[in-house]
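Coordinate inspection notes
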Amino acid sequence: MLAPLRPALVLLTAFTIITGLAYPLAMTGLAGAVFPARAAGSLIARDGRIVGSRLIGQTFTDARYFHGRPSATTAPDPADATKTVPAPYNAAASLGSNLGPTSAALAGRVKGDLDALRTEKPGAPVPVDLVTTSGSGLDPDLSPEAALFQVPRVAKARGLPEDRVRELVTAQIEGRTLGLLGEPRVNVLALNLALDALAGH
């Protein structure tokens, strides 16, 4: 009775060990040896303290900082576990809003963001990534246009010349990966840290 099951059980055990334990451990070890910073989450430290990751966005609301894309991630509502509340850049709940183009909630949120941005820089076209969420809700980057759009606000709040802040943004632009993949981008956390360093000098 057990003879026909023996090969299946042996294969199940063998593949569980190989693909469920040995392979993941080998890849984790290899990644840690070849790309230690990336394997550890591309963490950014300042003054001996972890301030964030290059891979996950953060919420910046102060006028003195560049703001990232809106984030649609949520978390359970502490008052009612059957509901959720906004939790921007919640890496434990990576997702988009799933709101379609006919959604009144989406249209209202985008209109509110557009109105605020148009007040910030009247007459200028608003870059789309300043009012749309990414598919993951965790995007740490902005288009160069979206970062440059914010230069007047940041320069005014910091008491810095706009040209100096614009130069800082330009210096932070990363090109396409391998010259082919993706689009030029600016990491918001790295830009804000460079901005703090500039202001500190």
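Structure report, in brief. (Residues numbered from 1 in each chain as written. Predicted model: local features only at pLDDT ≥ 70, side-chain atom pairs only at ≥ 80, totals over all residues. Heavy atoms only, no water.)

Some thoughts on the overall build of the protein
This is how it is decided: In DSSP terms, a helix is any run of H or I states spanning at least four residues, a strand is any run of E spanning at least two, and both are numbered starting from the N terminus. We compute the radius of gyration over the C-alpha atoms and compare it with the globule rule, which gives 2.2 Å times the number of residues raised to the power 0.38. Partly exposed describes any residue whose relative accessible area lies between the buried limit of under 20% and the exposed limit of over 50%, with all areas from a 1.4 Å probe on protein chains only and scaled to the type maximum.
When helices and strands are tallied, the protein shows 7 helices and 7 strands. In the protein, the order of α-helices and β-strands from amino to carboxyl end is α-α-β-β-β-β-α-β-α-α-α-β-β-α. Against the 2.2 N^0.38 benchmark of 17 Å for 201 residues, the protein shows a C-alpha radius of gyration of 22 Å, more extended than a compact globule. Within the protein, the fraction of its 201 residues that count as buried is 31%.

Observations regarding the environment of Val-154
Position of Val-154 among the secondary structure elements: in helix α5 (residues 151-158). Residue classification places Val-154 among the buried residues on the basis of a relative accessible area of 0%. Linking Val-154 and Ala-63, residues 91 residues apart in sequence, is a C-alpha distance of 6.1 Å.

Thoughts on the sheet that holds strand β6 (residues 173-174)
Condition: Here, strands pair whenever DSSP counts at least two bridges between them.
Spatial ordering of the open sheet is given by β5-β7-β6, a layout of 3 strands whose pairing is antiparallel. The open sheet has two edge strands, β5 (141-142) and β6, and neither has a second partner. Bridge count for β5 against strand β7 (residues 185-187) is 2 bridges, and the pairing is antiparallel. Within β7, the position partnered with Asp-141 by the bridge is Asn-187.

Description of helix α3 (residues 104-120)
Definition in use: A helix is expected to span 1.5 Å for every residue after the first. To be clear, the arc concerns the directions from the helix axis to the C-beta atoms. Contacts are assigned to residue pairs that have any heavy atoms within 4.5 Å of one another.
The first and last C-alpha atoms of α3 sit 24 Å apart over 17 residues, in line with the 24 Å expected at 1.5 Å per residue. Turning to α3, its buried residues are Val-110, Leu-114 and Leu-117. The arc enclosing the buried residues of α3, seen along the axis, measures out at 70°, which places them on a common side. Turned more than 90 degrees away from the buried face of α3 sit Ala-104, Ala-105, Lys-111 and Thr-119, all of them exposed. Of the surrounding secondary structure, the elements contacted by the buried residues of α3 are α4 (144-149).

A look at the pairing of strand β3 (residues 74-77)
In the sheet, β3 pairs with strand β4 (residues 80-86) via 4 bridges, with the strands oriented antiparallel. Residue pairing across strands places Ala-75 opposite Val-85, the latter belonging to β4. Hairpin connection, β3 to β4: the antiparallel pair is bridged by 2 residues.

Comments concerning the packing of aromatic side chains
Each aromatic ring pair is characterised by the separation of its centres together with the angle its planes make. This is how it is decided: By convention, a stacked pair of Phe, Tyr or Trp rings (six-membered ring in the case of Trp) has centres within 6.5 Å and planes under 30 degrees apart, an edge-to-face pair has planes over 60 apart, and any other such pair is tilted. Charge-over-ring contacts are defined here by two conditions on Lys NZ or Arg CZ: a distance within 6 Å of the ring centre and an angle within 35 degrees of the ring normal.
Taken as a whole, this structure holds 1 aromatic pair when the rule is applied. Seen in terms of ring centroids, Phe-60 and Tyr-65 are 5.7 Å apart; in terms of plane orientation they differ by 35°. Their pairing is tilted. A relative accessible area of 16% means that Phe-60 is categorised as buried. Judged by relative accessible area, Tyr-65 falls into the buried class, the value being 18%. A cation over a ring is seen here: Arg-158 above Tyr-65, with NZ or CZ 4.7 Å from the ring centre.

Here we look at the pairing of strand β1 (residues 43-46)
Note that β1 and strand β2 (residues 49-53) share 4 bridges and pair antiparallel. By the bridge assignment for β2, Ala-45 is matched with Ile-50. Remark: 2 residues form the turn of the hairpin made by β1 and β2, two consecutive strands paired antiparallel; Asp-47 in that turn has positive phi of roughly 55°.

Re the side chain of Asp-77
Stated formally: His is not counted, nor are the chain ends; Lys and Arg add positive charge and Asp and Glu add negative charge. The rule for a salt bridge is simple: a side-chain nitrogen of Lys or Arg has to be within 4 Å of a carboxyl oxygen of Asp or Glu.
Along the chain, Asp-77 falls in strand β3. Buried and unpaired, Asp-77 has no salt bridge, with Lys-83 as the nearest side chain of opposite charge at 6.1 Å. Excluding its chain neighbours within four sequence positions, the residues that come into contact with Asp-77 are Lys-83, Thr-84 and Val-85.

Structural notes on unusual backbone geometry
The phi torsion at Asp-47 lies on the positive side, around 55°, for a residue other than glycine. Looking at where Asp-47 falls in the secondary structure, it is placed in the loop between β1 and β2.

That's the geometry; what it means functionally is another story.
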